[in-house]
Amino acid sequence: MASEQQMKNPLLVGRAIRAQLEHEVPQDLPLERDFREGSDYTITDHVQALHKSLCKDERTLELVSALVTHLHAFARETQLTHAEWTKAVKFLTRVGKESTEYKNEFVLLSDCLGLSALVDEINHPKPAGCTDGCEPGPFYTDDAPILPSGSSLAKPGTEGESMAFIGTIKNIEGEGIEDATVDVWQADGDGVYDIQYPDREEPNDRGKLLANTDGTFSYRGILPTAYPIPSDGPTGELLHVLGRHPHRASHIHFTLKAPSYDDLTTALYPSHSPFLGTDPVFATKKSLICQLTEERDPARWVALGFKEGEVRGGRVWVWKYDFVLPTVEQVEELKKARAKQSML
């Protein structure tokens with residue numbers, strides 16, 4: 001174990017380390033035993049012992065210790081070769097280099113391996129009867145206009161067929177929730193989000209709706225269609241190797257918030273959409289799949305809030321869903337119960 005004097009000795013330590021020592025002197029430890037695979041003291045034991053001796057942050061130590069345990073176990077279980085390790089490092093290097101402001105390959109990779117969905121389920125467990133959640137995806141923006149219930153979210157000329165969405169927001173007891181807001185965003189009838197259009201000047205197919213005092217809300221818009229996640233990078237290549245596709249089922253994103261209730265971010269899917277069982281980011285759930293109806297009576301279009309000449313295609317798709325939110329307290333109680341169960 002080296003002393004500070006030894007660490008600053010130019011005979012023993014180079015210029016770069018000596019310069020760093022001006023700011024921080026690291027703690028050194030003696031090498032007391034060798035590690036060897038197949039022995040009673042492996043590289044895993046050595047790494048864990050070092051971190052336990054030096055790391056002062058308990059949560060960081062817990063996370064890194066678990067990561068090392070499972071990462072080393074993966075290498076042993078698969079008998080990972082040097083060539084495979086090198087290929088994996090190059091793959092992850094590309095994931096980092098090819099990430100941009102609008103396409104984060106690491107988030108895509110997490111999504112396509114189901115990790116994002118798992119983290120969401122851990123952090124937002126749902127008591128029985130509550131609406132399932134999912135990740136918000138990469139196309140959310142915070143510039144959506146605040147609108148009253150019943151508004152139109154689609155600008156004139158937006159591609160796609162007309163749709164009317166009718167929703168309720170209730171608690172577990174079936175009571176309407178007051179003071180709820182509903183953030184909505186979706187693709188248009190071409191499967192394209194507004195921010196993907198280079199000439200975007202203002203938000204389209206998105207809005208922050210103020211629900212009615214009884215927890216009901218509605219809006220007029222466009223029926224979304226399926227679209228692919230970015231597949232021109234390493235994550236897309238991995239999907240191809242795995243025999244999977246990058247195509248997301250048609251959906252609408254929602255974030256619902258109300259005082260004292262756990263925020264819900266989720267997405268709903270029409271039952272007629274393809275790719276419901278092979279969604280690349282594992283966001284589809286049976287409870288979120290909805291049966292839509294077609295309304296072809298012009299008198300009903302008016303009742304749904306559509307103006308004369310606003311409906312295209314001779315029909316309106318009517319989409320209904322009842323959202324159920326748990327309170328913050330109910331979610332915290334469920335988290336504690338699951339944490340207790342995991343320790344048994």
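Residues numbered from 1 in each chain as written. Predicted model: local features only at pLDDT ≥ 70, side-chain atom pairs only at ≥ 80, totals over all residues. Heavy atoms only, no water.

It is worth spelling out the pattern of salt bridges at this point. Tallied over the entire structure, the rule returns 18 salt bridges. For Glu310, the salt bridge identified is with Arg220, shortest N-O distance 3.5 Å. Separated by 90 residues along the polypeptide, Glu310 in the loop between helix 9 (298–303) and strand 12 (316–325) and Arg220 in strand 5 (residues 216–222) bring together distant segments of the chain. Judged by its relative accessible area of 25%, Glu310 falls in the partly exposed class. (Salt bridge = Lys/Arg side-chain N within 4 Å of Asp/Glu carboxyl O. Helix = DSSP H or I, 4+ residues; strand = E, 2+ residues; numbered from the N terminus. Buried < 20%, exposed > 50% of the residue type's maximum accessible area, 1.4 Å probe, protein only.)

Evaluation of the coordinates by the stated rule reveals 11 aromatic pairs. Pairing Phe139 with Tyr193 gives two aromatic rings, centres 4.2 Å apart and planes at 15°, and the pair type is stacked. With Phe139 in the loop between helix 7 (115–123) and strand 1 (146–148) and Tyr193 in the loop between strand 3 (181–186) and strand 4 (206–210), the pair connects residues that are 54 residues apart, well separated along the chain. We note that Phe139, like Tyr193, is buried. Pairing Tyr321 with Phe323 gives two aromatic rings, centres 4.9 Å apart and planes at 65°, and the pair type is edge-to-face. With respect to burial, Tyr321 and Phe323 carry one shared label: buried. Taken together, the ring pairs connect Phe165, Phe217, Tyr219, Phe254, Trp319, Tyr321 and Phe323 into an aromatic cluster. (Phe/Tyr/Trp six-rings, centres within 6.5 Å; stacked < 30°, edge-to-face > 60°.)

Let us now look at the environment of Gly233. Tracing the backbone shows Gly233 in the loop between strand 6 (227–228) and helix 8 (234–241). On a C-alpha basis, the gap between Gly233 and Met343 in space is 40 Å, while along the polypeptide they are 110 residues apart. Those residues within four positions of Gly233 in sequence are excluded, and the remaining contacts are Arg94, Glu98, Lys103 and Glu105. (Contact = heavy atoms within 4.5 Å.)

Below, the discussion takes up the layout of surface pockets. In this structure, the largest pocket encloses a volume near 650 Å³. Together, 32 residues line the largest pocket, and Leu108, Asp111, Gly137, Pro138 and Phe139 are the ones closest to its centre. Among the secondary structure elements, those contributing two or more residues to the lining of the largest pocket are helix 6 (105–112), helix 7 and strand 6. Looking at which element gives the most residues to the lining of the largest pocket, the answer is helix 7, with 4 residues. Here the second largest pocket is characterised by a volume of approximately 490 Å³. Every residue lining the second largest pocket is counted, 13 residues in all, and those nearest its centre are Leu71, Phe74, Leu80, Ala88 and Leu92. Elements with a minimum of two residues in the lining of the second largest pocket: helix 4 (58–78) and helix 5 (82–97). No other element matches the 5 residues that helix 5 contributes to the lining of the second largest pocket. (1 Å grid on protein atoms, 1.4 Å probe; cavity = no way out; pocket = protein on both sides within 12 Å on 5 of 7 lines; lining within 4 Å. Points joined across faces, edges and corners; volume = space filled by probe spheres on them.)

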